[in-house]
Amino acid sequence: LTGNNTVTGTLNWTDGYIINALTVLSNGVLNIAGNGTKSLEGPLTNSGSIYWSGTGPVYVYSDNGSTGRIENQTGALFQVQSDSGLFDAYNFGNTVFDNVGTFRKSGGTGTTQVRTVFKNTGLVDVESGTVNFTGGGSVGGQWTTAGGATINLAFGSFTQAGSPIFSGG
């Protein structure tokens, strides 16, 4: 998918590249599915809903001319329904997931890796399995887990942003 694109209905992404900007509007849905590798080379701005059920990893490119990043806006949902991984493709620490909305893991009993800088002022809600945040970032907003679920600030430099609230199992 090339050029700047806007999702007003439903877009299913099962494999391949998104190059340039992709915007999911408040009434839009992006389904990330399948076991193929996905590569994001431009900014993804979500004001609607993203459901990630696929087992294939997502690589975000933010260097060498690529401007990949994820902006999860106020009122938006980024819901992980599997145990896959979201990775900074170059491991340079340039890739950012900025969560002002809701980041939720609701499926999979294993581990989801988030190896990007993760900045949270919204809600991180882990209902099943584990989310390993391994790229550093800022810890603000709310962080909650269900019984038996785990949030792991596993690696990288994390700084406090405001007064974060931790709750749950």
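For the structure, see preceding data.
Notes on the structure follow.

What counts and how
Residues numbered from 1 in each chain as written. Predicted model: local features only at pLDDT ≥ 70, side-chain atom pairs only at ≥ 80, totals over all residues. Heavy atoms only, no water. 1 Å grid on protein atoms, 1.4 Å probe; cavity = no way out; pocket = protein on both sides within 12 Å on 5 of 7 lines; lining within 4 Å. Points joined across faces, edges and corners; volume = space filled by probe spheres on them. Nonpolar A, V, L, I, M, F, W, Y, C, P; charged D, E, K, R; others polar. Pairing = 2+ DSSP bridges. Helix = DSSP H or I, 4+ residues; strand = E, 2+ residues; numbered from the N terminus. Axes fitted to C-alpha atoms, helices over the stretch in contact; angles between N-to-C directions. Phe/Tyr/Trp six-rings, centres within 6.5 Å; stacked < 30°, edge-to-face > 60°. Buried < 20%, exposed > 50% of the residue type's maximum accessible area, 1.4 Å probe, protein only. Lys, Arg positive; Asp, Glu negative; His and termini not counted. Salt bridge = Lys/Arg side-chain N within 4 Å of Asp/Glu carboxyl O. Polar contact = N/O pair within 3.5 Å; in protein donor to acceptor, adjacent residues only side chain to side chain. Contact = heavy atoms within 4.5 Å.

### Overview of empty space enclosed by the protein
Right, so step 1: Taken as a whole and judged by the stated rule, the model has one cavity of 30 Å³ or more.
Right, so step 2: Lining of the largest cavity is provided by Trp13, Ile32, Leu44, Trp52, Val58, Ile70, Phe78 and Leu86.
Right, so step 3: Of the residues belonging to the lining of the largest cavity, the class tally is eight nonpolar, no polar and no charged.

### Details of the sheet that holds strand 12 (residues 85-88)
Within a sheet, neighbouring strands are paired by backbone hydrogen bonds and run either parallel or antiparallel to one another.
Right, so step 1: Judged by pairing direction, the sheet is parallel, and its seven strands sit side by side in the order 3-6-9-12-15-18-21 without closing on themselves. Of all strands in the sheet, those bounded by a partner on one side alone are strand 3 (16-18) and strand 21 (150-153). Geometrically, the sheet is characterised by an average inter-axis angle of 20° between neighbouring strands, direction not taken into account.
Right, so step 2: The sheet contact formed by strand 12 and strand 15 (residues 111-115) spans three bridges and is parallel. Considered in strand 15, the bridge of Leu86 is made with Val114.

### So, the packing of aromatic side chains
Right, so step 1: Across all of its chains, the model carries 13 aromatic pairs by this definition.
Right, so step 2: Look at Trp52 and Phe78: their rings are 6.4 Å apart centre to centre, the planes differ by 80°, and that puts the pair in the edge-to-face class. Of the two residues, Trp52 sits in strand 8 (residues 49-52) while Phe78 sits in strand 11 (residues 77-80), which places them 26 residues apart along the sequence. For the pair formed by Trp52 and Phe78, the shared burial category is buried.
Right, so step 3: Measuring from ring centre to ring centre gives 5.1 Å for Phe78 and Phe97, while their planes differ by 80°; the resulting arrangement is edge-to-face.

### Details of the side chain of Asp88
Right, so step 1: You can see Asp88 is positioned in strand 12.
Right, so step 2: Of the buried charged residues, Asp88 lacks a salt bridge, with Arg115 as the closest side chain of opposite charge at 6.9 Å.
Right, so step 3: In this structure the side chain of Asp88 is engaged in a polar contact, spanning 3.4 Å, whose partner is the backbone nitrogen of Asn94.

### Digging into the pairing of strand 7 (residues 43-46)
Right, so step 1: Residue alternation in strand 7 divides its side chains into a buried set, Leu44 and Asn46, and an unburied set, Pro43 and Thr45.
Right, so step 2: Where strand 4 (residues 22-24) and strand 7 come together, three bridges link them in parallel fashion. Residue pairing across strands places Leu22 opposite Leu44, the latter belonging to strand 7.
Right, so step 3: Judged from the four bridges that link them, strand 7 and strand 10 (residues 69-72) form a sheet pairing that is parallel. Note on strand 10: the bridge partner recorded for Thr45 is Glu71.

### Thoughts on the sheet that holds strand 23 (residues 165-168)
Right, so step 1: If you walk across this open sheet you meet the eight strands as 2-5-8-11-14-17-20-23, and the pairing is parallel. At either margin of the open sheet sits one strand with a lone partner, and together these are strand 2 (10-13) and strand 23. If you compare each strand with its neighbour and ignore which way they point, the axes differ by 10° on average.

### With respect to the side chain of Thr95
Right, so step 1: Examined against the element boundaries, Thr95 turns out to sit in the loop between strand 12 and strand 13 (96-99).
Right, so step 2: Accessibility expressed as a relative area gives 1% for Thr95, which makes it buried.
Right, so step 3: At a separation of 3.4 Å, a polar atom in the side chain of Thr95 contacts the main-chain carbonyl oxygen of Val60.
Right, so step 4: Setting aside anything within four residues of it in sequence, one finds Thr95 in contact with Val60, Ser62, Gly68, Asp88, Thr116 and Val117.

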